Amino acid sequence: MSRENLKELRERLSVEMQAVQSVVTDYDGAVAVRLGVNRTDLRCIEILQQRGAVSPSELGVALGLTTGSVTAMLDRLEKLGYLTRSPDPNDRRKVVVRVAPEVSQRAYEFYGAIAEEGAELIAPYSEEELTLIADFLRGSRELYERNLARLRTAPPAKRARAART
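Residues numbered from 1 in each chain as written. Predicted model: local features only at pLDDT ≥ 70, side-chain atom pairs only at ≥ 80, totals over all residues. Heavy atoms only, no water.

**A short note on the overall build of the chain**
Then step 1. Each helix and strand counted, the chain has six helices and two strands in total.
Then step 2. In the chain, the succession of helices and strands from N to C terminus is α-α-α-α-β-β-α-α.
Then step 3. A compact globule built from 165 residues should have a C-alpha radius of gyration of about 15 Å, whereas the chain, at 20 Å, is more than 25% larger.
Then step 4. Oriented by its inertia axes, the alpha-carbon framework of the chain measures out at about 65 × 55 × 30 Å.
Then step 5. Looking at the chain as a whole, 20% of its 165 residues qualify as buried.
Then step 6. Contacts in the chain between residues far apart in sequence, at least 24 positions, make up 48% of those at least 6 positions apart.
Then step 7. By element, 56% of the accessible surface of the chain is carried by carbon and sulfur atoms, the whole surface being about 12800 Å².
Then step 8. The positive charge centre, built from 25 side chains, and the negative charge centre, built from 24, are 12 Å apart in the chain. (Helix = DSSP H or I, 4+ residues; strand = E, 2+ residues; numbered from the N terminus. Rg over C-alpha atoms; globule rule 2.2 N^0.38 Å. Buried < 20%, exposed > 50% of the residue type's maximum accessible area, 1.4 Å probe, protein only. Contact = heavy atoms within 4.5 Å. Areas by Shrake-Rupley, 256 points an atom, 1.4 Å probe, with all protein chains shown as cover. Lys, Arg positive; Asp, Glu negative; His and termini not counted. Charge placed at Lys NZ, Arg CZ, Asp CG, Glu CD.)

**A few points about the confidence of the model for the chain**
Then step 1. The pLDDT averaged across the chain works out to 92; a share of 98% of its residues lies at or above 70.
Then step 2. Of all secondary-structure elements in the chain, the lowest mean pLDDT belongs to strand β2 (residues 91-99), at 91, while helix α4 (residues 67-79) reaches the highest, 96. (pLDDT = per-residue confidence, 0-100.)

**A closer look at α4**
In an α-helix, one full turn covers 3.6 residues, which means residues spaced three or four apart are oriented alike.
Then step 1. Over its 13 residues, α4 runs 18 Å from end to end, which matches the ideal 18 Å to within 8%, given 1.5 Å per residue.
Then step 2. Among all positions of α4, only Val70, Met73, Leu74 and Leu77 are buried. In a view along the axis of α4, the buried residues occupy a sector of 100°, so they form one face of it.
Then step 3. Against the buried residues of α4 lie α2 (39-51), α3 (56-63), β1 (83-88) and β2.
Then step 4. Looking one or two residues past α4, Gly81 carries a phi angle of roughly 85°, positive in sign. (Expected span 1.5 Å × (residues − 1). Arc of directions from axis to C-beta.)

**Notes on a nonpolar patch on the surface**
Then step 1. There is a patch of nonpolar side chains on the surface, built from Leu13, Leu121, Ile122, Tyr125, Leu130, Ile133, Phe136 and Leu137 and spanning about 710 Å² of accessible area.
Then step 2. Mapped by element, the contributors of at least two residues to the nonpolar patch are α5 (101-122) and α6 (127-153).
Then step 3. Ranked by residue count, the leading element in the nonpolar patch is α6, at four residues.
Then step 4. When you line up the elements, Leu137 lands in helix α6.
Then step 5. A relative accessible area of 51% means that Leu137 is categorised as exposed. (Patch = residues over 30% accessible without salt bridge, like charges linked within 9 Å, V, L, I, M, F, W, Y side chains within 5 Å. Salt bridge = Lys/Arg side-chain N within 4 Å of Asp/Glu carboxyl O.)

**Focus: the side chain of Asp41**
Then step 1. Along the chain, Asp41 falls in helix α2.
Then step 2. Residue class for Asp41 comes out buried when judged on its relative accessible area of 1%.
Then step 3. In contact with Asp41, not counting residues within four places along its chain, are Met73, Arg76 and Leu77.

**Let's talk about the environment of Thr25**
Then step 1. Following the sequence through the fold, Thr25 ends up in helix α1 (residues 3-35).
Then step 2. Sequence-wise, Thr25 and Arg150 are 125 residues apart; in three dimensions their C-alpha atoms are separated by 21 Å.

Put into structure tokens, the structure is as follows:
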């Protein structure tokens with residue numbers, strides 16, 4: 001492959017990655033609307049589905065939220081029936097948060113077809129190709145995680161003042 005073709009292919013890959021990120025963001029936003037929650041609430045539900053029982057402090061770290069914000073979010077999601085809070089079996093002074101059982105069914109309504117079609121999409125790829133894709137996606141995720149951590153620890157930007165007319 002020529003250098004020019006390789007450059008075009010890398011640019012195409014970059015454009016496609018940005019397009020995927022945009023449509024996933026839009027889709028998750030539409031799911032959040034359907035569930036009657038905000039995007040952070042939806043991300044909380046996703047974390048709970050992936051990890052099982054999670055402490056409120058773990059959620060705060062994962063979501064970049066203050067203790068007060070986590071409490072307000074958990075109150076809101078518990079009121080909607082999307083999660084439960086119970087004493088930690090290892091330390092009853094602590095609380096663990098779990099996704100409510102009904103939420104998995106609701107999530108499947110929105111994400112089940114994507115999972116099924118996604119399995120069909122990757123079915124033709126060889127083990128070597130899937131390993132390559134998985135490595136690329138892991139590297140991309142780690143890149144974003146490093147930069148997210150950097151952004152969360154950086155001081156916020158000063159807002160520009162509106163021009164007076």
